[in-house]
Amino acid sequence: MRQLQHYTAQEWLTGTPLAHRLRRARNVMVDRIYRRHRAPGQDELVERLRQHGNGLAFTVAFNMPEAIELLIEAMGRFMPDMPLVVCDNSSDPEARARNAAICAAHQGPPFVAYCDMPTAPFKGGRNGSRSHAVALNWIFHNLIRPAAPRMFALLDHDLLPLAPVDLPALVANRACYGMVRSEGDAWYLWPGYSVFNFGKVGHLPLDFGTDTPLGLDTGGQNWSVLYRHLNRAECSADVRPMRVVDPLHGMTDHYLMVDDWLHAGGAGHGGELAFAAVRRAYEQDPEGLRESLIKVW
């Protein structure tokens with residue numbers, strides 16, 4: 001939240017500080033009510049996750065089973081020792097059923113667990129960021145904290161590793177690491193690629209909500225809780241734009257590479273078409289896709 005002295009006289013006259021604080025109070029209340037809801041088999045799932053204490057990766061599924069399927073395949077190829085927990089926030093019941101079936105059919109590696117999350121209080125669209133945020137807060141309080149892994153990672157459902165990745169090593173000597181996004185002096189880690197040392201952050205009141213007054217999207221509330229106390233450069237992943245050649249259409253499109261991860265949804269939020277192009281390129285040559293990417297300068 002912006003400090004009160006940073007509001008202009010015009011903003012005070014229009015009641016902006018009060019509006020921002022009322023909105024924040026509403027969001028906190030919604031989050032706290034929602035995180036009391038329980039998922040089917042939640043206790044059994046937490047017990048299974050406790051058996052993987054070295055580290056856990058979590059992804060929030062949302063209406064794209066094909067993305068979950070490809071993420072599982074890619075992690076099995078490049079990081080088979082990293083357990084993946086698919087937390088389903090899909091608004092489409094058919095997508096939830098397909099996600100559950102994909103996870104159930106997977107024999108490993110990696111270890112894959114499925115969590116059928118309680119129905120979110122937000123339904124996507126213009127509330128997509130809030131829906132993602134309340135899902136992440138539910139995951140943190142109901143799965144991550146009880147399981148207490150040494151490391152936990154939050155991955156976008158359309159993020160793909162293209163080379164071996166050692167996630168625990170990234171936070172062996174720091175609190176967190178990932179793709180930095182910023183607005184002015186405030187910054188935060190995009191929860192589509194963020195890794196945390198639980199021993200250093202697990203006791204904090206983390207909140208993956210947006211901070212609209214500061215211009216920060218999902219995860220921005222952790223600026224005041226965590227990030228403002230850290231060295232931004234030490235937490236920053238390497239981010240660069242790339243082009244992917246679509247083997248079907250022979251066309252190229254823009255995407256983001258974050259370290260050795262490709263954001264298959266594309267930097268321009270190209271949706272299903274952008275994802276389909278990456279999937280075709282990956283399936284044609286999964287081991288060589290990273291080397292075939294075209295840098296965008």
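Predicted model, so just to flag it, every value in this text is computed and none were measured.

Draft legend 1. Expanded view of the pattern of salt bridges. Applying the stated criterion across every chain yields a total of twelve salt bridges. We note a salt bridge from Arg290 to Asp260, for which the minimum N-O separation is 2.9 Å. In this pair, Arg290 is assigned in helix α12 (residues 289-292) and Asp260 in the loop between β9 (252-258) and β10 (261-263), connecting sequence segments 30 residues apart. The exposure class of Arg290 is partly exposed, given its relative accessible area of 32%. A salt bridge links Arg279 to Glu283, with the shortest nitrogen-to-oxygen separation between them at 3.0 Å.

Draft legend 2. How the structure looks around the layout of surface pockets. Estimated volume of the second largest pocket: approximately 220 Å³. Considering the residues around the second largest pocket, the lining is formed by 15 residues, among which Asp81, Met82, Pro83, Asp166 and Pro168 are closest to the centre. The class makeup of the residues in the lining of the second largest pocket is eight nonpolar, five polar and two charged.

Draft legend 3. Looking closely at the sheet that holds strand β5 (residues 159-161). Reading across the sheet, the five strands line up as β5-β10-β9-β8-β11 and stay open at both edges, with antiparallel pairing between neighbours. The open sheet has two edge strands, β5 and β11 (294-295), and neither has a second partner. As paired strands, strand β8 (residues 239-245) and β11 are joined by two bridges and run antiparallel to one another. In the sheet register, Met242 faces β11, and the bridge partner there is Lys295.

Draft legend 4. The nonpolar core, seen in detail. In this structure, Leu49, Phe58, Ile139, Leu143, Phe152, Phe196 and Tyr227 are the most contacted members of the largest nonpolar core, which totals 45 residues. Broken down by element, the residue count for this core peaks at nine residues, all from helix α6 (residues 128-147). Beyond its immediate chain neighbours, meaning those up to four positions away, Phe196 contacts Arg150, Met151, Phe152, Leu154, Val171, Ala175, Cys176, Val201, Phe208, Leu226 and Tyr227. Counting 30 residues, the second-largest nonpolar core is a separate cluster that includes Met75, Ala153, Leu155 and Ala237.

Here is what the cut-offs are and how they apply
Residues numbered from 1 in each chain as written. Predicted model: local features only at pLDDT ≥ 70, side-chain atom pairs only at ≥ 80, totals over all residues. Heavy atoms only, no water. Salt bridge = Lys/Arg side-chain N within 4 Å of Asp/Glu carboxyl O. Helix = DSSP H or I, 4+ residues; strand = E, 2+ residues; numbered from the N terminus. Buried < 20%, exposed > 50% of the residue type's maximum accessible area, 1.4 Å probe, protein only. 1 Å grid on protein atoms, 1.4 Å probe; cavity = no way out; pocket = protein on both sides within 12 Å on 5 of 7 lines; lining within 4 Å. Points joined across faces, edges and corners; volume = space filled by probe spheres on them. Nonpolar A, V, L, I, M, F, W, Y, C, P; charged D, E, K, R; others polar. Pairing = 2+ DSSP bridges. Core = buried A, V, L, I, M, F, W, Y, C linked by side-chain atoms within 4.5 Å. Contact = heavy atoms within 4.5 Å.

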